[in-house]
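Fold and contact review
Residue-level listing of the chains:
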Amino acid sequence: MLNSKINLSNLVRSMGSGGAERQLIELVRRLDTQCFNIVILLFYAEGELLSMLADIEHIQIINLIKRSRWDFFGFVKALVRQIVETQSDILYGYLDVPNIFAVLAGKIARIKVVYGVRSTHVDFARYDWTAGIV
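Criteria and cut-off values
Residues numbered from 1 in each chain as written. Predicted model: local features only at pLDDT ≥ 70, side-chain atom pairs only at ≥ 80, totals over all residues. Heavy atoms only, no water. Pairing = 2+ DSSP bridges. Helix = DSSP H or I, 4+ residues; strand = E, 2+ residues; numbered from the N terminus. Axes fitted to C-alpha atoms, helices over the stretch in contact; angles between N-to-C directions. Contact = heavy atoms within 4.5 Å. Salt bridge = Lys/Arg side-chain N within 4 Å of Asp/Glu carboxyl O. Buried < 20%, exposed > 50% of the residue type's maximum accessible area, 1.4 Å probe, protein only. Expected span 1.5 Å × (residues − 1).

**A look at the sheet that holds strand β1 (residues 6-12)**
Sheets are built from strands paired through backbone hydrogen bonds, the pairs being either parallel or antiparallel. The 5 strands are arranged β3-β2-β1-β4-β5 in an open sheet whose pairing can be described as parallel. Among the strands making up the open sheet, the edge pair consists of β3 (59-63) and β5 (112-116). Taken pair by pair, the neighbouring strands of this sheet meet at an average axis angle of 20°, ignoring direction. Bridging between β1 and strand β4 (residues 90-94) involves 4 bridges; their strand directions are parallel. Across the sheet, residue leucine 8 finds its bridge partner in β4, namely isoleucine 90. Relative to the sheet, helix α1 (residues 19-30) contacts β1, β2 (36-42), β3 and β4, its axis offset from that of β1 by approximately 165°. Running over the sheet, helix α4 (residues 96-109) touches β1, β4 and β5 and is turned about 160° from β4.

**Some words on the pattern of salt bridges**
This structure, assessed with the given rule, holds 3 salt bridges. The shortest N-O distance in the salt bridge between arginine 30 and glutamate 26 comes to 2.3 Å. Here glutamate 26 and arginine 30 lie together in helix α1, a separation of 4 residues that amounts to about one turn. By relative accessible area, arginine 30 is classed as exposed at 61%. Close ionic contact of arginine 67 with aspartate 71 constitutes a salt bridge, the shortest N to O distance being 3.3 Å. Several salt bridges share partner residues, and in doing so they unite Glu26, Arg29 and Arg30 into one network.

**Some thoughts on helix α3 (residues 73-85)**
The terminal C-alpha atoms of α3, which comprises 13 residues, lie 18 Å apart, in line with the 18 Å expected from a rise of 1.5 Å per residue. Among the residues making up α3, those that are buried are Phe75, Val76, Ala78, Leu79, Val80, Gln82 and Ile83. Close packing links the buried residues of α3 with β1, β2, β3, β4 and α4. Positive phi appears at glutamine 87, one or two residues downstream of α3, with a value of about 55°.

Below, the structure written as structure tokens:
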């Protein structure tokens, strides 16, 4: 892309204190702003690291306002709408559920999708049945 920026949207559930969220903060702090326009798409605008993300001047943060765990179709519609409105070239998902939504929305919006799997050993006994499916 000669003389144009890449519009990179990053999809994450929230800005809790996990490692993926910290990696997102470090990535968007260090990406070359002459090459990238950066958008952060949040399921929920919450979490102890949200203020660190908000302190980064060159990014746009969008709360998709996911209404509940079972808000699927409305959420996909809102996500695709934001992808189109921000003219995203790439959608980067962080962790399991955001990755699923990223792949689906990316197909609908016809953009490239990158999905990140970050995890240590997961003990599924500590989670409900939906975590095992995901």
